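# Structural overview for review
Single-letter residue listing:
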Amino acid sequence: MYTNILTSHTNGITTITINRPSKLNALNKQTIQELHDAIAVADQSNTSKVIIITGQGDKAFVAGADISEFSNFSIDQGEELAAKGQELLFDFIANLGTPVIAAINGFALGGGLELAMAAHFRIASDTAKMGLPEVSLGVIPGYGGTQRLPQLIGKGRAMEMIMTAGMINANQALAYGLVNHVVTLDELLPLAEKLASKITRNSSIAIGAAINAVNACYEDGVNGFKTEIKEFGNCFGTEDFKEGTTAFLEKRKADFPGK
Ligand code: COA
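Residue indices follow the written sequence of each chain, beginning from 1 at its first position. Predicted model: local features are reported for residues with pLDDT of at least 70 only, side-chain atom pairs are reported and counted for 80 or more only, and whole-chain, interface and lining totals are derived from all residues. Note that the side-chain values use all heavy atoms of the structure and ignore hydrogens as well as water.

Looking now at the packing of aromatic side chains. Centre distance within 6.5 Å is the pairing criterion for rings of Phe, Tyr and Trp, where only the six-membered ring of Trp is used; planes under 30 degrees apart are then read as stacked, over 60 as edge-to-face, and the remainder as tilted. Enumeration over the complete set of coordinates arrives at three aromatic pairs. Taking the centre distance of 4.4 Å and the plane angle of 40° together, the rings of Phe236 and Phe241 count as tilted. For the exposure calls, accessible area comes from a 1.4 Å probe over protein chains only, and a residue counts as buried if that area is under 20% of its type's maximum, exposed if over 50%, partly exposed in between. Exposure remark for Phe241: the relative accessible area of 29% places this residue in the partly exposed category. Put simply, the rings of Phe232, Phe236 and Phe241 pair up and form one aromatic cluster.

Here you go:
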């Protein structure tokens, strides 16, 4: 069904693997569309509670946007490339109600790091290398990198990474707070699945509300505390809230209907 990605589904977890290893999983137009479609399908399904995104092979998560596709673009085409990509994939993931974990298994460069940063959190293998090398190509990050990198690691560090176009290793990324955990490559997907599995036990409705409230912190002109109050109140009208509180009082595990 897809050409450039693989999808699998077990125990409420959908794993999407970007599968263009001969091009280090670079994001061409078709891959961006396929990722959008697969993520939308998972988000709309009742059985998918967490999405893991990773790259095929042991070398790259994603080595960036596909440079061969845009090297002769005009100003307008460049702007459209960034706008469409952000709408279809990067903002789409960041604002998704279903949690998305990026499992970074190698190079995450340019659009690859931007994809990982759009996910709700990141883990990495100790072989991973991350960077935003765009200025070495005469362009800047266009898939949200200039905004999400400073949000995640602070302005000074982001400025240094963007200006030098350099790469940091997994331990540096861990020290910066760019990734939450670093493990060996063999342990990467098992850890992603373990974290995902913990998430699946909780109320997916409450998790979606929490994502909205946390994201409000980074939106211009939005009062995050007000968003939190609204989302908190909305939870009281859900079946998940009734089940969660009842299960606690009855000293049993909650079985959330996800409604
Ligand atoms: N776009 C298109 N193709 C890419 C790519 C990208 N972002 N990154 C890698 N590739 C392709 C290479 O062109 C090469 O294809 P080929 O075998 O048909 O020539 C293949 O993937 C393997 O890459 P190669 O450069 O030979 O691997 P390497 O181990 O020598 O170097 C990197 C690895 C990641 C350092 C290097 O590929 C690189 O710098 N990639 C570009 C990173 C970048 O600037 N990304 C930001 C884009 S905005």
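Structure's up, so let's keep going.
With that settled, consider the site of the ligand. Being near a molecule or strand, for a residue, comes down to having at least one heavy atom within 4 Å of it. By nearness alone, 15 residues border the ligand, and Lys23, Lys59, Ala63, Ala65 and Ile67 come closest of all. Within the backbone of Ser22, a nitrogen or oxygen atom sits 3.4 Å from an oxygen atom of the ligand. Whenever a nitrogen or oxygen atom comes within 3.5 Å of another N or O atom, the pair is scored as a polar contact, on the condition that within protein one atom can donate a hydrogen and the other can accept it, and that pairs from neighbouring residues in sequence are kept only if both atoms are in side chains. A distance of 2.5 Å is found between an oxygen atom of the ligand and a side-chain nitrogen or oxygen belonging to Lys23. Residue composition of the shell around the ligand, by class: nine nonpolar, two polar and four charged. Side-chain classes are defined by residue name, with Ala, Val, Leu, Ile, Met, Phe, Trp, Tyr, Cys and Pro counting as nonpolar, Asp, Glu, Lys and Arg as charged, and the others, Gly among them, as polar.

Our next topic: the packing of helix α3 (residues 75–94) against helix α4 (residues 111–118). With their axes 8 Å apart at the nearest point, α3 and α4 run at an angle of 35° to one another. Each of Leu89, Phe90, Ile93 and Ala94 in α3 lies in contact with α4, whose residues at this interface are Gly111, Glu114, Leu115 and Ala118. Each axis is a line fitted through C-alpha atoms, taken for helices only over the stretch in contact, and angles between the N-to-C directions span 0 to 180 degrees. Helix numbering and strand numbering both begin at the N terminus, where a helix is a DSSP run of H or I of at least 4 residues and a strand a DSSP run of E of at least 2. Should any heavy atoms of two residues lie within 4.5 Å, those residues are considered in contact.

This part takes up the sheet that holds strand β3 (residues 50–55). Pairing between strands is defined by DSSP: at least two bridges between the two strands are required. One open sheet holds the six strands; their spatial order is β1-β2-β3-β5-β7-β10, and the pairing between them is mixed. Two strands in the sheet have a free side with no partner beyond their single neighbour: β1 (5–10) and β10 (181–183). With direction set aside, neighbouring strand axes in the sheet form an average angle of 20°. The pairing of strand β5 (residues 100–104) with strand β7 (residues 121–125) spans four bridges and is classified as parallel.

Turning our attention to α3. With 20 residues, α3 should cover 28 Å at 1.5 Å per step; its first-to-last C-alpha distance of 26 Å lies within 8% of that length. Among the residues of α3, those classed as buried are Ala82, Gly85, Leu89, Phe90, Ile93 and Ala94. Residues of α3 that are buried make contact with α1 (29–44), β3, β5, α4, α5 (145–153) and α9 (204–216). Take the residue count of a helix, subtract one, and multiply by 1.5 Å to get its expected span.

How big an interface is tends to be stated in terms of accessible area lost as the parts join. The domain architecture assigned to the protein chain consists of domain 1 (5–200) and domain 2 (204–249). A domain assignment, automatic or from a database, supplies the domain bounds used here. Taking the mean C-alpha position of each, domain 1 and domain 2 sit 26 Å from one another. At the junction of the two partners, domain 1 supplies nine residues and domain 2 supplies five residues. Note on terms: buried area is the combined drop in 1.4 Å-probe accessible area of two parts once they are placed together, counting the loss on both. Each partner contributes to the roughly 550 Å² buried at the junction of domain 1 and domain 2, and carbon and sulfur atoms together form 59% of this total.

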